[in-house]
Amino acid sequence: MATNRIRKAAVIGGGVMGQGIAAHLANARIPTILFDIVPPNPGEGDDVNDPAFRNKFANGALTSIAKSKPALIYDKIDLDLITPANTSDHLELLADVDWIVEAVPENMKIKQATFDKIEEHANPEAIIASNTSGLSIKGMLEGRSDDFKKRFLVTHFFNPVRYMKLLEIVPAEQTDKAVLDTVVEFGRDVLGKGIVFGKDTTNFIANRIGVHGMMTIMHTMPKYEMTIEDVDAIFAKPMGRPKSAVFRTADVVGLDTFVHVATNCYDTLTEDEERENFKVPEFMTQLVEKGWIGSKAKQGFYKKTKEGIQALDLNTLEYRPRTKPEYASLSAAKGKPGDRIKKVVVEGDDKAAEFAREITLKSLAYSARRLGEIADDVVNVDKGMRWGFNWDLGPFETWDAIGVKWGYEAMKEAGIDAPAWVGEMIEKGNETFYRWEGNEKQYYDYKEHAYRAYPTDSKEISLEVLKKTDNTKVFGNMGATLHDIGDGAALLEFHTKMNAIDNDIIDMMHKSIDEVEKNFEALVIGNSSDNFSAGANLMLVLMASKQGEWDQIEEMIAAFQNANQRMRYSSFPVVSAPTGLTLGGGAEVTMGANAVQAAGELYMGLVEVGVGLIPGGGGNLQLMRNWFGRHASVKDHDPMAFLKDIFLTIGMAKVATSAEEARATGFLGLEDGVTINRSHVIHAAKERALGMARAGFVAPRPMKFSLPGADGAATVDAMLYSMQMNNQVSEYDRFIGNKLGRVLTGGDTTTKVLVTEQHLLDLEREAFLSLCGEEKTQDRMGHMLMNNKPLRN
């Protein structure tokens, strides 16, 4: 069966999941029709024939997307890509879409009725998917034609869709391979999802394992006299889990949703040896009956009050002040996730460790027993838990961390049933589920009792893998490394804490330029960590300021400015590949490149005013270049039209919360690229850099600006005065703002004189140094380092 690329989609169901899926399709620039039902109970005065009334639910879904926090959509301008519709009047629109996603309530009759409508109106080539979280595919396909079955599969997104990487794909028995391949490629390359393949079983992979683990914790708590704070302290960072741990996660998901998923497991998994584990505890039932269902009800296991966060006492179902548990095993859990888990589970000897040990062993054994039923291999299970529940390590990766043999023997000693294949694996001398064999990562295939090559993605360039497999290092120091990533491209990787810019990184920027000039075609700046760079190393700046080492600070700032300028004006193309936090100096490195290939999830801003400074690595100039563009040297153009927005962006320390928002804010240019799949960003940046090189790259001309000088600075001060009078800024904020205003308006100049980039860099450096010498700026830097939040003084 031939399939075309997915260019237009429809989502049926405007609830939480339908909204998330439609918004993320819009993030990927896929025009989408969002269907919902006509309101079934019109109120007095409602005109049932009015299109506004008939589309009320779908329009309401669009409004919810627009207001969502955290935002479901990268940029509200892309809401125009979503067309509201209703399932009574507009089903003919389905004839024009390539992919139809059903996201109606988890009720078999409702889903089957929805598929009746889809089959009648859909394009005969359209792919049809259900976002069910665990209903039977066989049940949903009952009564459907063979052609429908060939085009059908489950695509189970996790909420919130924009932020959760996991997409579970479950084909029906009859699903055509071309359909499956199309959806896998679309989900991975266009929507940026991590794909795992499940089977037609209740709650598929992640929810089956995750809910089992959470329910095991709840049922085992009384044995160890654990409070919810105890549990959330243990099953957070020490055990390689997210900060939300167990009960905070339940609050965020919604206790009603959690109860529904667990009950579905209990009702349908009649052959599961741990079926009783899915029985909802009495306290959960009571909380749902009370309406205390978590964050959306403003109370669940936790409740926020004026006095602070309160926690629920599960014995009395009354709230009390939240406590902070202290356990030696948790305090000792440091280092990488595997090291932390081992420290608690294997080496810990207090109550927290004993509890964690029992839960972990039961969860690992259960996961191993589910192979063949919910997934074909350990890889899909591990990816499912990492991407769907944000675990640092999946179950089998965790088992490797604590030692497969140790874990297996501990299970036997505790009377926990571990599958025989694990024992056979150990007897053959295979004591890890994952291993490296030369340059190849492998996983243990439990069916074949042998190791197989770990599945790879041709568009993923993982520095972690490169370091293990090939000698890619050209040279490096403590702060950064230059890698040869093949085909004539080099990659500069930062690896300080939070990739903070320091002298080592600046030195490597200069050395990398020299090396690439001689031996490579192009340079990419990027890394495989969650964050590109959180900014400059503030401690270095503060220490030098306290000691009055002004020459040292000026030398560092000048070297950083020059490095960014050299990146832009060298004879080869430089492409930056920012992801996650890209703040301060990280934003300056990004904007200093010739082009940007950013991850969709990008948090970018020039935030230096928060510590009493202004951008010092060229950020003011770079943002001006992006905003002014071809108008920079036009003398009869009013520069204040741009400078006001630039001033507010820097002066208010605005942070764009997506790559598209960064484009709208001016941090990215209109021609810069966005890659939604975080794992593909370096590959895309490499392709872009080599394309530029092979298309005959020539460095751009340095820009000159027509700027207003003192007149413009006076306008800035007038704006600051008004803000101070309205208590929007402090007196010292105004002082910093005037330093920034002088830089942006060009210092001692007029619109009749064109100002060079170097002149602006000199003004920037002068202002930065002067602020470093201010006691209040030093106080702000110290406060940020101690408290991780700005100080207003």
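The structure this text deals with has already been given above.
Treat the numbers as computed from the prediction; the structure is a model and nothing was measured. (Residues numbered from 1 in each chain as written. Predicted model: local features only at pLDDT ≥ 70, side-chain atom pairs only at ≥ 80, totals over all residues. Heavy atoms only, no water.)

Counting its secondary structure elements, the chain contains 32 helices and 26 strands. Relative to the compact-globule value of 28 Å for 793 residues, the chain shows a C-alpha radius of gyration of 29 Å, a close match. Along the three orthogonal principal directions, the C-alpha set of the chain runs to about 80 × 70 × 60 Å. Classification of the 793 residues of the chain by burial places 56% in the buried group. Partitioning the contacts of the chain with sequence separation of at least 6, the portion at a separation of at least 24 is 70%. In the chain, 90 positive and 111 negative side-chain charges are present, and the distance between their average locations comes to 2 Å. (Helix = DSSP H or I, 4+ residues; strand = E, 2+ residues; numbered from the N terminus. Rg over C-alpha atoms; globule rule 2.2 N^0.38 Å. Buried < 20%, exposed > 50% of the residue type's maximum accessible area, 1.4 Å probe, protein only. Contact = heavy atoms within 4.5 Å. Lys, Arg positive; Asp, Glu negative; His and termini not counted. Charge placed at Lys NZ, Arg CZ, Asp CG, Glu CD.)

Here we come to the packing of helix 18 (residues 404-414) against helix 19 (residues 420-427). Taken N-terminus to C-terminus, the directions of helix 18 and helix 19 make an angle of 135°; their axes are 10 Å apart at the nearest point. Between helix 18 and helix 19, the angle falls in the class oblique. Handedness of the helix 18/helix 19 crossing: left-handed. Each of Val404, Lys405 and Tyr408 in helix 18 lies in contact with helix 19, whose residues at this interface are Val422, Gly423, Met425 and Ile426. Each residue belonging to the contact of helix 18 with helix 19 can be placed in one class, and the counts come to 5 nonpolar, 1 polar and 1 charged. (Axes fitted to C-alpha atoms, helices over the stretch in contact; angles between N-to-C directions. Parallel < 35°, antiparallel > 145°, perpendicular 65-115°, else oblique. Left-handed = near helix turned anticlockwise from the far one by under 90°. Nonpolar A, V, L, I, M, F, W, Y, C, P; charged D, E, K, R; others polar.)

Turning to the environment of Gln552, a few remarks are in order. In this structure, Gln552 sits in helix 23 (residues 550-569). Residue Gln552 is classed as partly exposed on the basis of its relative accessible area of 42%. Gln552 sits 11 residues away from Val541 along the chain, and the two C-alpha atoms are 9.3 Å apart.

On to the packing of aromatic side chains. By the definition in use, this model includes 23 aromatic pairs. Consider the rings of Phe115 and Phe148, whose centres lie 5.8 Å apart with planes at 70°: the pair is edge-to-face. With Phe115 in helix 4 (residues 108-121) and Phe148 in helix 6 (residues 146-150), this pair connects stretches of sequence that are 33 residues apart. Their ring planes at 10° and their centres at 6.3 Å tell us that Trp421 and Tyr444 sit as a pair that is stacked. Of this pair, Trp421 sits in helix 19 while Tyr444 sits in strand 13 (residues 440-445), placing them 23 residues apart in sequence. For the pair Trp421 and Tyr444, a shared accessibility class is recorded, and that class is buried. Arg370 extends its terminal NZ or CZ atom over the ring of Tyr366, reaching a point 4.6 Å from the ring centre. Of note, Lys441 hangs over the ring of Tyr434, and the distance from its end group to the ring centre comes to 5.5 Å. (Phe/Tyr/Trp six-rings, centres within 6.5 Å; stacked < 30°, edge-to-face > 60°. Lys NZ or Arg CZ within 6 Å of the ring centre and 35° of its normal.)

Turning to the pairing of strand 8 (residues 194-197), a few remarks are in order. With 4 bridges joining them, strand 7 (residues 166-171) and strand 8 adopt parallel strand pairing. Residue pairing in the sheet places Ile169 in a bridge with Phe197 of strand 8. You can see the chain leave strand 7, run along helix 7 (residues 177-190) and come back into strand 8, and the turn it takes is right-handed. (Pairing = 2+ DSSP bridges. Right-handed = clockwise from strand over helix to strand, strands pointing away.)

Generally speaking, a soluble globular protein has its nonpolar side chains buried in company with each other. Counting residues in hydrophobic clusters, the biggest one holds 91 residues, and the most contacted among them are Phe235, Phe301, Phe355, Phe396, Trp399 and Trp421. With 10 residues, the single largest contributor to this core is helix 15 (residues 351-370). The residues touching Phe396, leaving out its near neighbours within four places in the chain, are Ser367, Ala368, Leu371, Val378, Val381, Asp382, Trp421, Phe433 and Tyr434. (Core = buried A, V, L, I, M, F, W, Y, C linked by side-chain atoms within 4.5 Å.)

Let's shift gears to the packing of helix 14 (residues 337-345) against helix 17 (residues 395-402). Running from N to C, helix 14 and helix 17 cross one another at 65°; their axes reach a closest spacing of 8 Å. In terms of orientation, helix 14 and helix 17 fall into the roughly perpendicular class. For helix 14 against helix 17, the interelement crossing comes out right-handed. Contacts between helix 14 and helix 17 pair Gly338, Ile341, Lys342 and Val345 from the former with Thr398, Ala401 and Ile402 from the latter. Residues that form the contact of helix 14 with helix 17 fall into these classes: 4 nonpolar, 2 polar and 1 charged.

A contiguous patch of positive charge, built from Lys237, Lys243, Lys334 and Lys497, is present on the exposed surface. Mapped onto the elements of the fold, Lys334 is located in the loop between helix 13 (328-331) and helix 14. (Patch = residues over 30% accessible without salt bridge, like charges linked within 9 Å, V, L, I, M, F, W, Y side chains within 5 Å. Areas by Shrake-Rupley, 256 points an atom, 1.4 Å probe, with all protein chains shown as cover. Salt bridge = Lys/Arg side-chain N within 4 Å of Asp/Glu carboxyl O.)

Take the sheet that holds strand 13 next. Strand order in the open sheet formed by 3 strands is 12-13-14, with antiparallel pairing between adjacent strands. If you trace the sheet from one side to the other, it starts and ends with strand 12 (434-437) and strand 14 (450-453), each paired once. With direction set aside, neighbouring strand axes in the sheet form an average angle of 45°. Across 4 bridges, strand 13 lies against strand 14 in antiparallel orientation.

On to helix 26 (residues 640-651), then. All of the buried residues in helix 26 are Met640, Phe642, Leu643, Ile646, Phe647, Leu648, Thr649 and Ile650. Where the residues of helix 26 are buried, they touch helix 25 (619-628), helix 27 (659-665), helix 29 (710-725) and helix 30 (731-744). Once helix 26 ends, the next one or two residues include Ala653, with phi positive near 50°.

This part takes up the sheet that holds strand 22 (residues 602-605). One open sheet holds the 3 strands; their spatial order is 20-22-23, and the pairing between them is mixed. If you trace the sheet from one side to the other, it starts and ends with strand 20 (580-583) and strand 23 (655-656), each paired once. Each of strand 20 and strand 22 touches helix 24 (residues 585-592); the most contacted strand, strand 20, lies at about 85° to it.

A cluster of nonpolar residues, Met539, Met543 and Leu785, forms a patch on the protein surface that exposes about 260 Å² of accessible area. Mapped onto the secondary structure, Met539 falls in helix 22 (residues 538-546).

Within strand 2 (residues 32-36), 5 of the 5 residues are buried, leaving the element largely enclosed by the surrounding structure. Taking every second residue as pointing to the same face, both faces of strand 2 are buried, with Thr32, Leu34 and Asp36 on one and Ile33 and Phe35 on the other. Sheet topology note: the strand 1 (residues 9-12)/strand 2 ladder contains 4 bridges and is parallel. Looking at the pairing, Val11 lines up with Leu34 of strand 2. With helix 1 (residues 16-27) bridging strand 1 and the parallel strand 2, this β-α-β connection has right-handed handedness. Pairing of strand 2 with strand 3 (residues 82-86), which is carried by 5 bridges, proceeds in the parallel orientation.

Between side chains of opposite charge, pairing is possible as soon as their charged atoms come close. A full pass over the atoms with the stated rule returns 42 salt bridges. Taking the shortest distance from any N to any O, the salt bridge between Arg144 and Asp116 comes out at 2.6 Å. Remark: Asp116 occurs in helix 4 and Arg144 occurs in the loop between helix 5 (137-140) and helix 6; sequence separation between them is 28 residues. Its relative accessible area of 11% is what places Arg144 among the buried residues. Ionic pairing is found between Arg369 and Glu273, a salt bridge with its closest N-O pair at 2.5 Å. Linking Arg369 in helix 15 with Glu273 in the loop between helix 11 (255-268) and helix 12 (282-290), this pair joins segments that are 96 residues apart in sequence. The exposure class assigned to Glu273 is partly exposed, which follows from its relative accessible area of 44%. Overlapping salt bridges, with partners in common, bring together Arg208, Asp272, Glu273, Glu274, Arg369, Arg370 and Glu373 in one network.

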